[in-house]
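Working through the structure, step by step
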Amino acid sequence: MPMIEMRDVCKWYGPTFQVLKSCTTAVDKGEVVVVCGPSGSGKSTLIKCVNGLEPFQSGAITVDGIEVAAKGTDLPKLRARIGMVFQHFELFPHLKIIDNLCLGQTKVLGRSRAEAMAKATALLHRVGLDEHADKFPGQLSGGQQQRVAIARALAMDPVAMLFDEPTSALDPEMITEVLDVMVALAHDGMTMMVVTHEMGFARKVADRVIFMDKGEIIEDRPTDEFFGKPRSDRAQLFLSKILSH
Amino acid sequence: MLPDIDFNVIARSLPYLFRQGMSFTLTLTALAALGGLLLGTLLALMRLSTLPILAPLATGYVNLMRSLPLVLVIFWFYFLVPFVGQVILRADRPVEVGAFASALITFTLFEAAYFSEIMRAGIQSIPRGQLAAGYAIGLTYWQVMGYIIVPQAVRNMLPVILTQTIILFQDTSLVYVISITDFLGAASNVAQRDGRLIEMYVFAALVYFAISFSASRLVKSLQMRTAIPR
Ligand SMILES: Nc1ncnc2c1ncn2[C@@H]1O[C@H](COP(=O)(O)OP(=O)(O)OP(=O)(O)O)[C@@H](O)[C@H]1O
Ligand SMILES: [Mg+2]
């Protein structure tokens, strides 16, 4: 059974603008899927629908067997099991790094402070930021903040991770440190849905690549096939643009 | 001929002025500021809510409070509440509220209107992504507000909140209309009793000035230090 499954998801902003047009795809357990496409094609909207941050009007999404849009679904509880990493990190600037990692654990999962601290410390070590536990987010570089954001999501022991352009707000020299963490995560078997234009990352770890344009999933194919020769002209054009620089 | 001035009257009445008068003024200021901030934050959340009726209800309240002179609210509240209480509790006689409770409730209700505007601006200044990030780790609406949005809003708005509190500190002197002995009331009592109007009112003015002025300097320096690094 797929970890994330979408069937005919349609979403409108306002009465006329359809941002998602019958999007259907699935992400198996342990699979890494990269989502790419031109700006405004609906990539962010698509993955925000997965954890219910954006509502949609028709179709269905299930995560680990739970219907996101069903009436009885406890959304906070479901979201706690899906990690999300944002383009602009969105660490909580008034909390220390360690407390950024503990907040969800204690308030949502009900872990004790000691338990949460232990988990947070281990995760900070894993992303290489042990010494920064007592700093505030504003004191860290962009790359460090994004690694903390990944650790914050992992602290909840998620069954899947969503990434929305995790490196596009970073200076070039910091992109690698974040991608390295993501690659390691992929190799550990995490189920991941990653919106990114880092095609090197896609080639290295993605099992499949989804190409979106104007709210539609145009291609959804194994990575080798996709890079070998995209079927659609639009994907070809897109690839040639992004690979040329 | 110059009026004879006797500053000894001040020295003699200092314990009364501060132990009774000023301690009342400061207590009322602190409690009303705290209550006003709590209620104001709730009103701000109501105004920003997408649920029906909450927003217009809060807006109506804020507009009403901001359109009435404070003295009038204090006055009316003091005389009306006992009767309202009588009706609600179906008592035989007007309910005794007491001057202090009455003043505290009035100032809280009144200040809440101003604090709600401050908090609304503060909450709106927090990037939308913070809300999404809070939801994404599984927090509920109230948890996101309580742990993430409101604390940041209060910190960002602290200078304005404290400035409003300094204004409140001065405004508490209006309790004279319901014959409560605050600092100004105490000074005024001594002035009347000893016929030392000039001395006492000059002294009262100096004390209000000294406290308000140094408090606002303090706010300025605080402003430099509490800004959250982003
Ligand atoms: N809240 C909103 N109201 C109306 N339109 C919106 C809203 N959010 C996004 N849109 C529009 O929906 C479309 C898809 O947005 P989305 O953010 O999903 O695109 P994207 O593929 O992530 O683009 P980018 O690469 O720029 O991040 C865009 O045209 C955008 O302008
Ligand atoms: Mg986007």
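Quick notes on the rules
- Residues numbered from 1 in each chain as written.
- Chains lettered and ligands numbered in written order.
- Predicted model: local features only at pLDDT ≥ 70, side-chain atom pairs only at ≥ 80, totals over all residues.
- Heavy atoms only, no water.
- Helix = DSSP H or I, 4+ residues; strand = E, 2+ residues; numbered from the N terminus.
- Rg over C-alpha atoms; globule rule 2.2 N^0.38 Å.
- Buried < 20%, exposed > 50% of the residue type's maximum accessible area, 1.4 Å probe, protein only.
- Contact = heavy atoms within 4.5 Å.
- Areas by Shrake-Rupley, 256 points an atom, 1.4 Å probe, with all protein chains shown as cover.
- Salt bridge = Lys/Arg side-chain N within 4 Å of Asp/Glu carboxyl O.
- Axes fitted to C-alpha atoms, helices over the stretch in contact; angles between N-to-C directions.
- Parallel < 35°, antiparallel > 145°, perpendicular 65-115°, else oblique.
- Left-handed = near helix turned anticlockwise from the far one by under 90°.
- Pairing = 2+ DSSP bridges.
- Buried area = accessible area lost by both parts, 1.4 Å probe.
- Polar contact = N/O pair within 3.5 Å; in protein donor to acceptor, adjacent residues only side chain to side chain.
- Nonpolar A, V, L, I, M, F, W, Y, C, P; charged D, E, K, R; others polar.
- Near = heavy atom within 4 Å.
- UniProt positions renumbered as here; feature names shortened; annotations may be inferred.
- Core = buried A, V, L, I, M, F, W, Y, C linked by side-chain atoms within 4.5 Å.

What follows deals with the overall build of chain A. Scanning chain A for helices and strands turns up nine helices and 10 strands. On C-alpha atoms alone, chain A measures out to a radius of gyration of 18 Å, which is about the 18 Å that the 2.2 N^0.38 rule sets for 245 residues. Looking at chain A residue by residue over its 245 residues, the buried ones come to 56%. Of the contacts formed within chain A by residues at least 6 apart in sequence, a portion of 65% connects residues at least 24 apart. Carbon and sulfur atoms form 51% of the exposed surface of chain A, whose accessible area is close to 10400 Å².

So, on to the pattern of salt bridges. All names here are of chain A. Taken as a whole and judged by the stated rule, the model has 19 salt bridges over all chains. In this structure, Lys119 engages Asp157 in a salt bridge whose closest nitrogen and oxygen atoms are separated by 2.6 Å. One end of the pair, Lys119, is in helix α4 (residues 113-126); the other, Asp157, is in the loop between α5 (142-154) and β7 (160-164), with 38 residues separating them in the sequence. Classification of Lys119 by relative accessible area gives partly exposed; the value is 26%.

Turning our attention to the packing of helix α3 (residues 70-89) of chain B against helix α4 (residues 99-124) of chain B. The relative placement of two packed helices comes down to the angle between their axes together with the axis-to-axis distance. Residue and element names in this part refer to chain B. One can describe the packing of α3 onto α4 by two numbers: an axis separation of 9 Å at closest approach and a directional angle of 135°. By the angle between their directions, the pair α3 and α4 is classed as oblique. Between α3 and α4 the crossing geometry is right-handed. Across the interface between the two elements, Leu70, Val73, Ile74, Phe77 and Tyr78 of α3 pack against Ala99, Ser102, Ile105, Thr106, Phe107, Leu109 and Phe110 of α4.

This part is about the sheet that holds strand β6 (residues 82-85) of chain A. Residues and elements named next belong to chain A. Ordered by their spatial adjacency, six strands build an open sheet running β6-β7-β8-β3-β9-β10, and the pairing between neighbours is mixed. The sheet is open, and its two edges are formed by β6 and β10 (216-222), each paired on a single side. Taking each pair of neighbouring strands and ignoring which way they run, the sheet shows an average axis angle of 15°. Two elements, strand β9 (residues 208-213) and β10, share six bridges in a ladder whose sense is antiparallel.

Facing the 20 residues of chain A at the interface are 20 residues of chain B. The contact between chain A and chain B buries some 1800 Å² in all, and 69% of this surface belongs to carbon and sulfur atoms. The tally of links from chain A across to chain B stands at four residue pairs in polar contact (both at pLDDT 80 or more). Of all the elements in the fold, those that place two or more residues in the side of chain A that touches chain B are α2 (75-80), β6 and α3 (97-107) of chain A. Residue composition of the side of chain A that touches chain B, by class: 12 nonpolar, four polar and four charged.

With that settled, the discussion passes to the sheet that holds strand β2 (residues 17-27) of chain A. Two orientations exist for strands paired in a sheet by backbone hydrogen bonds: parallel and antiparallel. Residue and element names in this part refer to chain A. One open sheet holds the four strands; their spatial order is β2-β1-β4-β5, and the pairing between them is antiparallel. A strand with exactly one partner marks an edge of an open sheet, and here the two such strands are β2 and β5 (66-67). Its contacts with the sheet place helix α1 (residues 43-50) against β1 (4-13), β2 and β4 (58-63), and it is angled at close to 120° to β1.

Take the side chain of Glu111 of chain B next. All names here are of chain B. Checked against the element boundaries, Glu111 lands in helix α4. At a separation of 3.0 Å, a polar atom in the side chain of Glu111 contacts the side chain of Gln164. Not counting residues up to four positions away in its chain, the partners in contact with Glu111 are Ala32, Gly36, Gln164 and Leu168.

Residue and element names in this part refer to chain A. Surrounding ligand 1, one finds Tyr13, Phe17, Val19, Pro38, Ser39, Gly40, Ser41, Gly42, Lys43, Ser44, Thr45 and Glu165. In this structure, Tyr13 approaches ligand 1 through a side-chain N or O atom, which is 3.3 Å from a nitrogen atom. One nitrogen or oxygen atom from the side chain of Thr45 is found 2.4 Å from an oxygen atom belonging to ligand 1. Taken by itself ligand 1 offers 640 Å² of open surface, and the protein chains cover 59% of this. Sorting the residues of the shell around ligand 1 by element identifies β2 and α1 as the ones contributing at least two each. Taken together, the residues of the shell around ligand 1 break down into four nonpolar, six polar and two charged.

What follows covers the packing of helix α2 (residues 54-67) of chain B against α4 of chain B. Residues and elements named next belong to chain B. Here α2 crosses α4 at 115°, and the two axes come no closer than 9 Å. Considering only the axes of α2 and α4, their crossing is left-handed. Every residue of α4 that contacts α2 at Tyr61, Val62, Met65 and Arg66 is listed here: Leu109, Phe110, Ala113, Tyr114, Ser116 and Glu117. Its residues assigned to classes, the contact of α2 with α4 shows seven nonpolar, one polar and two charged.

Another point: the UniProt feature "domain: ABC transmembrane type-1" (unreviewed entry) in chain B. With numbering aligned to this structure, UniProt lists the feature "domain: ABC transmembrane type-1" (unreviewed entry) at residues 22-219 of chain B. Secondary structure across residues 22-219 of chain B divides into 82% helix and 0% strand, with the first and last C-alpha atoms of the span separated by 21 Å.

Right, let's talk about the nonpolar core for a bit. Residues Ile4, Leu20, Ile61, Leu162 and Met193 of chain A together with Ile149 of chain B are the most contacted members of the largest nonpolar core, which totals 55 residues. Broken down by element, this core gets its largest block of residues, eight residues, from helix α6 (residues 141-171) of chain B. In this structure, Ile61 of chain A is in contact with Glu5, Met6, Val9, Cys49, Val50, Phe56, Ile66, Glu67 and Val68 of chain A, ignoring residues within four places of it in sequence. Counting residues in hydrophobic clusters, the runner-up holds 53 residues, among them Val127, Val148, Met190 and Ala206 of chain A.

The next subject is unusual backbone geometry. Residue and element names in this part refer to chain A. For Asp64, which is not glycine, the phi dihedral falls at a positive 50°. Among the structural elements, Asp64 can be located in the loop between β4 and β5. Not every positive phi belongs to a glycine, and Phe89 is a case in point at roughly 65°. Its relative accessible area of 11% is what places Phe89 among the buried residues.

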